[in-house]
Every structure is written in structure tokens, then in C-alpha cells.
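Each chain, letter by letter, is given below.
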Amino acid sequence: MDKSKERQLNLLQNVFENWMPPTPVFKDSHPDVPDGMVPYISCSDVHDYHYDIRVVSLDDFTSGDDDRYEKLENGEIIAHYDSLEELVEDGWELD
């Protein structure tokens, strides 16, 4: 694993150990991300050590609506990994 990926892995391990940020966001430059969508891992997935990349629209992600949490918890899963190492190896980078 190259230094850049090692750094990403360390950052993600810290997120999962400390739950901060509770909803980590990834760069939208990954080829699996549909246009206009924000890739992230939901708060409950971080808590449960599930490595699911979800997406919602930028409007839903940044909204102050009362149902924002519900929208983020139920965003469409576009990728699933069995480990953080797999996730990082596939090219995901924190934003």
C-alpha cells in the first residue's frame, strides 16, 4: 500500500474509533459516484463498523430539514466493503 493510501486508512481508522466526524464524506471524484451526489458513510454504519458508501444529493446532504438524519441513514448504497483496507484500495478518499 502506498503512503497516500496508508494515510487514508489511518484517517478512516481514526474516524471509526472516535466517531468523528460521525458522517465521513468522500471526494466525489470516485468513478462510482453519480453526478450531483455526495458520497459518505452514515453515522449508524460508522457506529456498527459497516463499510457502505452511500449517496444523497447535495441538497439533501446540506439541508437543515428535520428529516435530514433519516435521509442520510437511508441514502442509496453504491459500494460495500468488508474492510477499510478494501475501501481504501478501491480509491475512496476522505474529502
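Heads up: the structure comes first, above all this text.
Caption draft 1: Representation of the nonpolar core in the model. Core analysis: the biggest nonpolar cluster contains 17 residues, and F26, I53, L87 and W92 have the highest contact counts within it. Broken down by secondary-structure element, the contributors of at least two residues to this core are α1 (3-18), β2 (51-57), β3 (76-81) and α5 (84-89). Of the residues forming this core, the biggest block, four residues, is contributed by α1. Counting five residues, the second largest nonpolar core, distinct from the first, contains V38, Y40, F61 and L72.

Caption draft 2: Fine view of unusual backbone geometry. The omega torsion across M20 and P21 is -5°, close enough to zero to call that bond cis. Assignment of secondary structure puts P21 in the loop between α1 and β1 (37-40). One non-glycine residue with positive phi stands out, namely W19, at about 55°. Mapped onto the elements, W19 comes out in the loop between α1 and β1.

Caption draft 3: Spotlight on the pattern of salt bridges. The tally for this structure, following the rule as stated, stands at six salt bridges. A salt bridge links K27 to E93; the nearest nitrogen and oxygen atoms lie 3.4 Å apart. Linking K27 in the loop between α1 and β1 with E93 in the segment after α5, this pair joins segments that are 66 residues apart in sequence. We note a salt bridge from D67 to K71, for which the minimum N-O separation is 3.8 Å. The class of K71 is partly exposed, set by a relative accessible area of 25%.

Caption draft 4: Examining the packing of aromatic side chains more closely. Taken as a whole, this structure holds four aromatic pairs when the rule is applied. The interplanar angle of 50° and the centroid separation of 5.8 Å between the aromatic rings of Y40 and F61 together place this pair among those described as tilted. With Y40 in strand β1 and F61 in helix α3 (residues 58-62), the pair connects residues that are 21 residues apart, well separated along the chain. Here the aromatic residues F16, Y49 and Y51 are joined through ring pairs into a cluster of three or more. A cation over a ring is seen here: R68 above F61, with NZ or CZ 5.1 Å from the ring centre.

Quick notes on the rules
Residues numbered from 1 in each chain as written. Predicted model: local features only at pLDDT ≥ 70, side-chain atom pairs only at ≥ 80, totals over all residues. Heavy atoms only, no water. Core = buried A, V, L, I, M, F, W, Y, C linked by side-chain atoms within 4.5 Å. Buried < 20%, exposed > 50% of the residue type's maximum accessible area, 1.4 Å probe, protein only. Helix = DSSP H or I, 4+ residues; strand = E, 2+ residues; numbered from the N terminus. Salt bridge = Lys/Arg side-chain N within 4 Å of Asp/Glu carboxyl O. Phe/Tyr/Trp six-rings, centres within 6.5 Å; stacked < 30°, edge-to-face > 60°. Lys NZ or Arg CZ within 6 Å of the ring centre and 35° of its normal.

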